Amino acid sequence: MMLPKKIKLSLIAFIVFGTTLLSVVHFTDYFALETVSVNASELDDWSAKYNLYENRPITDQPLDSLASMLMKKNNIYKVDINYKLPNTIEIKTNNYKPVSFVLDRRTKKIYGLDSDARVVLLDNSDYTWDNPILTSLTITKPFGFCQDHRVKTVVQVLQKLKKQNRDLYCLIDEIDFGNNGFLKVSIDGLPYRLKVRYDYLREDIDKFIRFVSRFDPNLENTALLDLRYDEMIVCSQGKK
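Residues numbered from 1 in each chain as written. Predicted model: local features only at pLDDT ≥ 70, side-chain atom pairs only at ≥ 80, totals over all residues. Heavy atoms only, no water.

Let us now look at a nonpolar patch on the surface. Among the surface-exposed residues, Y229, M232 and V234 lie close enough to one another that they form a single nonpolar patch of about 250 Å² accessible area. Relative to the helices and strands, Y229 resides in the loop between β12 (224-226) and β13 (234-236). (Patch = residues over 30% accessible without salt bridge, like charges linked within 9 Å, V, L, I, M, F, W, Y side chains within 5 Å. Areas by Shrake-Rupley, 256 points an atom, 1.4 Å probe, with all protein chains shown as cover. Salt bridge = Lys/Arg side-chain N within 4 Å of Asp/Glu carboxyl O. Helix = DSSP H or I, 4+ residues; strand = E, 2+ residues; numbered from the N terminus.)

Shown next, in the form of structure tokens:
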């Protein structure tokens, strides 16, 4: 039996439409957003927190508005959003973690320094006084770097010290950058400060520990211990 031409075309159109509809449904279901991670950590409440849609494909999510929302946060300087097929969106931010603190000598405001010595803003959860504070430095802008080139070296040395000798690291209260020729280090519980070289910070502190351990000197009236010389340690009274 021959079908009329119009009926044939309608039947073909219906079959094509049905196949396309199934493909769309299958695509939507297969690529529907299921997982959102921020800095490699999966989120449980991503739909409500970031205004994303559970039943939409990952390619049909309002990522522009999400990026704008994240960029408005004080501690975020850069946002990267990537698709990970079939069901994941990965968000990476520069949510820098402070490893030291720095006091701006102009504003007297405390900032954080990340492991690369980048200046970061702090919130209440970032304060942990196990980390030393760097003083006599000028902060130009958040997410920039201190103008003093010694800061990055010192932060890197401190991070190594934290891994190798956490107890000693936690005893360092302050590192004063006020003089271009040396640093002044304040140790918790000591009435005097240590004058050290920025590029030999760890070595000079270790020399101090060997000195007091071996000789148990009377440093009651000492203001500064100068540890910058290989063959001697200079004890001085007066202004710390």
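Applying the stated criterion to the full structure yields two aromatic pairs. Ring centres 6.2 Å apart and planes at 75° place the aromatic pair Y192 and F208 in the edge-to-face group. Separated by 16 residues along the polypeptide, Y192 in the loop between β10 (182-187) and β11 (193-196) and F208 in helix α6 (residues 201-215) bring together distant segments of the chain. Residue Y192 is classed as buried on the basis of its relative accessible area of 7%. Measuring from centroid to centroid gives 5.9 Å for F211 and F215, while their planes differ by 50°, and the two rings are tilted. Of the two residues, F211 and F215 both sit in helix α6, four residues apart, roughly one turn of that helix. A relative accessible area of 52% means that F215 is categorised as exposed. (Phe/Tyr/Trp six-rings, centres within 6.5 Å; stacked < 30°, edge-to-face > 60°. Buried < 20%, exposed > 50% of the residue type's maximum accessible area, 1.4 Å probe, protein only.)

A separate point is the sheet that holds strand β3 (residues 79-84). Pairing is mixed in the open sheet, where four strands are placed in the order β2-β1-β4-β3. Where the open sheet ends on each side, the last strands, each with one partner, are β2 (41-42) and β3. Note: β3 against strand β4 (residues 88-93), six bridges, orientation antiparallel. Among the inter-strand pairings, Y83 is bridged to a residue of β4, identified as I89. (Pairing = 2+ DSSP bridges.)

Turning our eyes to something else, we now look at helix α3 (residues 63-71). Three or more residues of α3 are buried, namely L63, L66 and L70. With its buried residues spanning 55° around the axis, α3 presents them on a single face. Taken together, the buried residues of α3 touch α2 (46-50), β3 and β4. (Arc of directions from axis to C-beta. Contact = heavy atoms within 4.5 Å.)

L134, V151, I175 and L194 are the most contacted members of the largest nonpolar core, which has 32 residues in total. Of all the secondary-structure elements, those providing two or more residues to this core are β6 (110-113), β8 (133-137), α4 (150-164), α5 (166-171), β9 (172-179), β10, β11 and α6. With five residues, α4 is the largest single contributor of residues to this core. Within the second largest apolar cluster, 15 residues are counted, among which are L33, Y50, L63 and I91. (Core = buried A, V, L, I, M, F, W, Y, C linked by side-chain atoms within 4.5 Å.)

Here we come to the side chain of Q61. Within the fold, Q61 resides in the loop between α2 and α3. Among the polar contacts made by the side chain of Q61, one reaches the main-chain carbonyl oxygen of Y53 at a distance of 2.7 Å. Those residues in contact with Q61, other than ones at most four positions away along the chain, are L33, L52, Y53, R56 and I89. (Polar contact = N/O pair within 3.5 Å; in protein donor to acceptor, adjacent residues only side chain to side chain.)

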